[in-house]
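# A structural walkthrough
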Amino acid sequence: MRWQAIFFDFDGVIVDSVDVKTKAFEQMFRQYGAEVKEAVVSYHLKNSGVSRYEKFKYYYEHLLQVPLTEKKLDELGRQFSELVVQKILDSRFISGAYDTIIKLYNSNIPSFIVSGTPEKEIKTIVDKKNISFFFKEVHGSPRKKWEITADIIKRWNLNKEKCLFIGDALSDYKAAAYNKIYFLGIESKDSKNVFPNGTKVEQSVNIEL
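These lines cover the structure that appears in this document, whether it is placed above or below.

Calculation rules
Residues numbered from 1 in each chain as written. Predicted model: local features only at pLDDT ≥ 70, side-chain atom pairs only at ≥ 80, totals over all residues. Heavy atoms only, no water. Helix = DSSP H or I, 4+ residues; strand = E, 2+ residues; numbered from the N terminus. Phe/Tyr/Trp six-rings, centres within 6.5 Å; stacked < 30°, edge-to-face > 60°. Buried < 20%, exposed > 50% of the residue type's maximum accessible area, 1.4 Å probe, protein only. Lys NZ or Arg CZ within 6 Å of the ring centre and 35° of its normal. Pairing = 2+ DSSP bridges. Contact = heavy atoms within 4.5 Å. Axes fitted to C-alpha atoms, helices over the stretch in contact; angles between N-to-C directions.

### Regarding unusual backbone geometry
- The step from Ser141 to Pro142 runs through a cis peptide bond, and the omega angle for that step is 25 degrees.
- Of note, Pro142 is situated in the loop between β3 (137–141) and α7 (145–155).
- One non-glycine residue, Gln65, lies in positive phi territory at about 55 degrees.
- Within the element layout of this structure, Gln65 appears in the loop between α3 (52–64) and α4 (70–90).

Below you can see the structure in the form of structure tokens.
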């Protein structure tokens, strides 16, 4: 099939940075004890691709049972960014990702990044990784991935039967399913398959054009 457009998640799909964010959450909540820390990490891993702000709200409401003000939420977001941004910039590319991005660019097939990372931050990271040139658009939270994807499909007048979403999380799969486009799951050799039975899954990013 000749793809018309490709949608990429970022962490765990373009760069090997999922563990960076896991360790950041662990560091931020270890002061509340082992039980809370383990619950924080477990929820994070089960909800990969979901905005960090949504996770903070869940942690404070359900685990700490402490009111969370907008000021505190912003402070948590800044603290998290300080812990992860440079480490993400230092992270290696997922196997096949960089070559695939170049191949798509050279074949004039538009690529888009649809991430759960805050939009300003993901744009900065992609720019500093020196790969922004290869993407038509880069988007992040607070909009949901399904919403971003739907907006791009509409604005670019794309044929859904010729679009592919590449992701490593259920939020990516759901974005593809909502928009009725193809999906390729990426999993590391150490991770469990989180996708429904029958989902095409690979350990490297390599697609036929």
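The structure having been displayed, the exposition proceeds.
### Notes on the packing of aromatic side chains
- Scanning all chains against the criterion turns up 27 aromatic pairs.
- With 5.9 Å between their ring centres and 40 degrees between their planes, Phe29 and Tyr32 make a pair best called tilted.
- Its relative accessible area of 37% is what places Tyr32 among the partly exposed residues.
- Judged by centre distance (4.6 Å) and plane angle (50 degrees), the rings of Trp146 and Tyr178 are tilted. In this pair, Trp146 sits in helix α7 while Tyr178 sits in helix α8 (residues 170–179), placing the two residues 32 residues apart along the sequence.
- Taken together, the ring pairs in this structure connect Phe25, Phe29, Tyr32, Tyr43, Tyr53, Phe56, Tyr58, Tyr59, Tyr60 and Phe80 into an aromatic cluster.
- Of note, Lys129 hangs over the ring of Phe93, and the distance from its end group to the ring centre comes to 4.9 Å.

### Points about the sheet that holds strand β5 (residues 182–186)
- Strands sit in the order β3-β2-β1-β4-β5-β6 across an open sheet of six strands; the sheet is parallel. On the outer flanks of this sheet lie β3 and β6 (201–202), each paired with one strand and no other.
- Contacting β1 (5–8), β2 (111–118), β3 and β4 (163–167), α7 runs over the sheet at an angle of about 155 degrees to β2.

### Quick notes on the environment of Asn193
- Here Asn193 lies in the loop between β5 and β6.
- Taking the C-alpha atoms as reference, Asn193 lies 9.3 Å from Ala169; in sequence the two are 24 residues apart.
- If we ignore the near neighbours within four places in the chain, the residues touching Asn193 are Glu187 and Val201.

### Some remarks on the side chain of His44
- Position of His44 among the secondary structure elements: in helix α2 (residues 34–46).
- Look at His44 and you get buried, because its relative accessible area is 5%.
- Setting aside chain neighbours within four positions, we find His44 in contact with Val18, Lys21, Thr22, Phe25, Lys55 and Tyr59.

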